[in-house]
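Below, each chain spelled out in residue letters.
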Amino acid sequence: MSEPQPSTSAGPAAAGLVLPAYRRDDGRAHPPLDFPDYRSTRLRAPGRPLVLLSHGLTEVTGPLLGEGRVGETDHDLTVHHPGQPQGERIVVTGRVVDGDGRPVAGTLVEIWQANAAGRYRHDGDRHPAPLDPNFTGLGRCLSDAAGRYRFVTVKPGAYPWKNHHNAWRPAHIHFSLFGRAFTQRLVTQMYFPGDPLFAYDPIFNSVPDHARQRMVARFDLDTTVPELALGYRWDIVLRGRDATPLDQEDDQ
Amino acid sequence: MTAPPARSPAPPGLTPSQTVGPFFAIGLPWPDGPLVVPAGTPGAIRISGRVLDGAGEPVPDALVETWQADPDGRFAHPDDPRGAGETGFRGFGRCPTDPQGRWAVLTVKPGPLPAPGGGIQAPHVDVSVFARGLLDRLVTRIYFPDEPEANAADPVLARLGPERRASLVATAGEGGTLRFDICLQGDHETVFFAL
């Protein structure tokens, strides 16, 4: 068995600078930048290979954006207007954890979505489905000490887009997360189980096959609220980090 | 029914990235997003630029985020092993591009930092770029044009050829402002990093 090697970001040459070492995605979870089936990548994906950046202080730290960013009802997208929004009410809950299953506590989670008819409240959305005067589609919350988050909203509709003939996006909610380090920043989309549009959506299918289901929530009767809202559960996994080599120092 | 054989629990797989799409403006821009420091802060610098695509056209639906140390090279973060820095320094900026592809943040120049492998990293700002058509964020860095010696000694810049290195150094504009264009693709492509 080989000796444990100190990670490159915390070796003796660092002169006492012991940093957490975030493991890299080995290319198996995230989609490639260059994915021609998704037409907008063609002029936007970089042409040159990415340059490997070793993790320094700027990368292992990150914005810890706190309570001042989140209002009391920001997690409930159904109460931001005088009336109730149209559509199927849902509760989306889950945990934010790292790649080792440790909870990521106190992290800002931001979501945005189309309304139940598949229309975004955005000038750029030309889909001729109705806007809902009682739905904006923006939510925020902070994960709790166990990494849990919770949103109340309506199920977004599928909608057409111009990527190819008869292109439709499966219903989804956009999620933005910070984690506790610049390395953990993640923007992604949550999908709903059994959507017949998965097979036709290049954005969903840009992710390697084995990792696609990680983006799909599951129906959950335990969090379903009787007479009110269906429950969906979706856990979000940010990058994990190796144990800091403090234990190894004892051996030296 | 027989249970499948017990296996050691596999670590959970990373949640894949997906594009921010064209409609993030519903939720992500904040009124104070571009203000890393409050307006009127002594020594504040405006860093602005454009995001351009492979045809040289402005990208009007990108989101640029910045993260950096304070002027003493400290972070208000528990994982800075030198101790948390000056309280109240947010260090974070967020600005959507306008129809001409322009973005800007108001900040102060960060201090230099000890590098993980030894040596000193020149003052820099980490940048994330999100947009429709980007299935994952792009990561780059802004370095400062008035730090030629520190930039020459910076271990990250040192690994790049001179031409590519130049894409990471902001250029001085009028009145002490800085300009930093982000070219997603093409002859002047900005250096982007794998984290």
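Residues numbered from 1 in each chain as written. Chains lettered and ligands numbered in written order. Predicted model: local features only at pLDDT ≥ 70, side-chain atom pairs only at ≥ 80, totals over all residues.

Caption draft 1: Broad picture of the overall build of chain B. Along its length, chain B carries 3 helices and 12 strands. If one aligns the C-alpha atoms of chain B with their principal axes, the spans along those axes are about 75 × 40 × 35 Å. Every one of the 195 residues in chain B was classed for burial, and the buried ones make up 45%. Taking contacts inside chain B between residues at least 6 apart in sequence as the whole, the part at least 24 apart equals 69%. (Helix = DSSP H or I, 4+ residues; strand = E, 2+ residues; numbered from the N terminus. Buried ≥ 20, exposed ≤ 12 C-beta atoms within 10 Å, placed from the backbone. Contact = placed C-beta atoms within 7 Å.)

Caption draft 2: Summary view of the confidence of the model for chain B. For chain B, per-residue confidence averages 92 on the pLDDT scale, and 93% of positions sit at 70 or higher. Model confidence for the complex is summarised by a pTM of 0.92, with the ipTM given as 0.94. (pLDDT = per-residue confidence, 0-100.)

Caption draft 3: Looking closely at the environment of A:Asp235. All names here are of chain A. Residue position: Asp235 is located in the loop between β12 (230–233) and β13 (236–238). Residues Asp235 and Arg148, 87 residues apart in the sequence, show an inter-C-alpha distance of 8.7 Å. Those residues in contact with Asp235, other than ones at most four positions away along the chain, are Gly94, Arg95 and Val97.

Caption draft 4: Representation of the interface of chain B and chain A. Every contact between the two is made by 61 residues of chain B and, on the other side, 75 residues of chain A. Of all the secondary-structure elements, those providing two or more residues to the side of chain B that touches chain A are β5 (113–114), β7 (124–131) and β12 (193–194) of chain B. With 5 residues, β7(B) is the largest single contributor of residues to the side of chain B that touches chain A. By residue class, the composition of the side of chain B that touches chain A is 34 nonpolar, 18 polar and 9 charged. Bridge analysis of strand β2 (residues 51–52) of chain A against β12(B) gives 2 bridges, and the strand direction is parallel. In the strand pairing of β12(B), A:Val51 is matched with B:Phe193. (Nonpolar A, V, L, I, M, F, W, Y, C, P; charged D, E, K, R; others polar. Pairing = 2+ DSSP bridges.)

Caption draft 5: Summary view of the sheet that holds strand β5 (residues 138–142) of chain A. Residue and element names in this part refer to chain A. One open sheet holds the 4 strands; their spatial order is β5-β4-β9-β10, and the pairing between them is antiparallel. Each having just a single partner strand, β5 and β10 (186–191) make up the two edges of the open sheet. Mean inter-strand twist for the sheet, computed between neighbouring axes without regard to direction, equals 20°. Across 5 bridges, the pairing between strand β4 (residues 108–113) and strand β9 (residues 172–177) is antiparallel. Paired with Ile111 across the bridge in β9 is Phe175. (Axes fitted to C-alpha atoms, helices over the stretch in contact; angles between N-to-C directions.)

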